[in-house]
Amino acid sequence: MFKTTARFVLGLSLALLSSSVATAQVVLPRTLELNAKEMEQNGFIVAQEALQLAQFQQFQDALVRAKLAVQLAPRAYEIWALLGGLYLTVNQPKDAVPALEQSLKLKDKNPGAYFNLGAAHFRLGHYGAAARAIAQGLALKPDATEEWFNLGNAYLKLGEKEQAIAQYRRVLRLDRQFWPAYTNIGLVLYEQGRIQQAAKNWERAAEIDPKASEPKLALATALLQLGQEARALQLAEEALRLDSRYGTVEFQRENLWGDRLVADTQTLLAKPPLRALMSQLEQSALPQP
């Protein structure tokens, strides 16, 4: 949850895609003989097939069906939203953007499409566009807790740290247990040199989810700076045992960790006991001969 990811928002109405509609095989040449209304009806049937495939994690097959569905029902904003969501799910954000924009052109009151559009822009590194799209979705659905968090992440990437903290605090007003918000508030405070306050936020995050590695490792890094080496080493060991990937610079950067925190964390992980533990974890992760 700490890592910024988009949820798979299909945006399909159950009223439009009722489970009572029988799934049918639609042959494209046959649709040429149908009138526009019948084509649209078949488009929704094919879209339902795509949705069912997606529910069984068959995303590539679902994508093929969704592409056919928009050909049959090009005026259906729900199906364009489905197509955009599927592109996002198979990690094709560049293709997701035009599909989601088309959905919103047909109906601009679909918060899920805005949120997925924001996620697609974020993955493409278009952080300003991501922030604008997410904000438009939140104007329609202000109780979308995770989207306030994603908006904060976009502002963080833009370097607008006070704006980022404002969004994270909005998240915590909606859900006091949303620990990634505490984690990212701690990141901003740490980069500002407010180590003690950062540690308090990371400690709170670690209390909420004791199995989360990120706040534990961040807290360990802060405690090392505060001179509490024994406790820092203990927490870092716990974090690495939960997930050794958090010891890598690349993974930390993916999770929005700032340059200073990444550098300081590497200092912590360079301690001999942790170096030995990381080596042990890497060996245990190797496949057995």
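Heads up: the structure comes first, above all this text.
Please read all numbers here as calculations on a predicted model, not as lab measurements. (Residues numbered from 1 in each chain as written. Predicted model: local features only at pLDDT ≥ 70, side-chain atom pairs only at ≥ 80, totals over all residues. Heavy atoms only, no water.)

So, the overall build of the protein: which residues are in play, and what are the values?
Summing up its helical and strand segments, the protein has 16 helices and zero strands in all. Out of the 289 residues belonging to the protein, those deemed buried represent 51%. Considering only residue pairs separated by 6 or more positions, the protein has 58% of its internal contacts joining residues 24 or more positions apart. Of the roughly 14200 Å² of accessible surface on the protein, 51% is carried by carbon and sulfur atoms. (Helix = DSSP H or I, 4+ residues; strand = E, 2+ residues; numbered from the N terminus. Buried < 20%, exposed > 50% of the residue type's maximum accessible area, 1.4 Å probe, protein only. Contact = heavy atoms within 4.5 Å. Areas by Shrake-Rupley, 256 points an atom, 1.4 Å probe, with all protein chains shown as cover.)

I'd like to hear about the nonpolar core, residue by residue, with values.
Considering soluble globular proteins, one finds that nonpolar side chains tend to be buried as a cluster. One finds Trp-202, Leu-217, Leu-268 and Leu-274 to be the most contacted residues of the largest nonpolar core, which totals 59 residues. Of the residues forming this core, the biggest block, eight residues, is contributed by helix α10 (residues 179–191). Those residues in contact with Trp-202, other than ones at most four positions away along the chain, are Tyr-182, Thr-183, Gly-186, Leu-187, Tyr-190, Pro-215, Ala-218, Leu-219, Ala-222 and Leu-261. Core analysis: the next-biggest nonpolar cluster, separate from the first, contains 34 residues, Leu-72, Ala-73, Ala-96 and Ala-113 among them. (Core = buried A, V, L, I, M, F, W, Y, C linked by side-chain atoms within 4.5 Å.)

Account for the layout of surface pockets, naming residues and giving values.
There is about 170 Å³ of room inside the second largest pocket. The set of elements that each furnish at least two residues to the lining of the second largest pocket consists of α11 (195–208), α12 (213–225) and α13 (229–242). When residues of the lining of the second largest pocket are assigned to their parent elements, the largest contribution, five residues, is made by α11. Here the lining of the second largest pocket is built from residues that sort into five nonpolar, two polar and five charged. (1 Å grid on protein atoms, 1.4 Å probe; cavity = no way out; pocket = protein on both sides within 12 Å on 5 of 7 lines; lining within 4 Å. Points joined across faces, edges and corners; volume = space filled by probe spheres on them. Nonpolar A, V, L, I, M, F, W, Y, C, P; charged D, E, K, R; others polar.)

Break down α11 for me, with residues and values.
Taking 1.5 Å as the rise per residue, α11 with 14 residues should run 20 Å; its terminal C-alpha atoms sit 20 Å apart, in good agreement. Looking at α11, one finds that the buried residues are Ile-195, Ala-198, Ala-199, Asn-201, Trp-202, Ala-205, Ala-206 and Ile-208. Looking at the buried side of α11, the elements it contacts are α10, α12 and α15 (259–269). (Expected span 1.5 Å × (residues − 1).)

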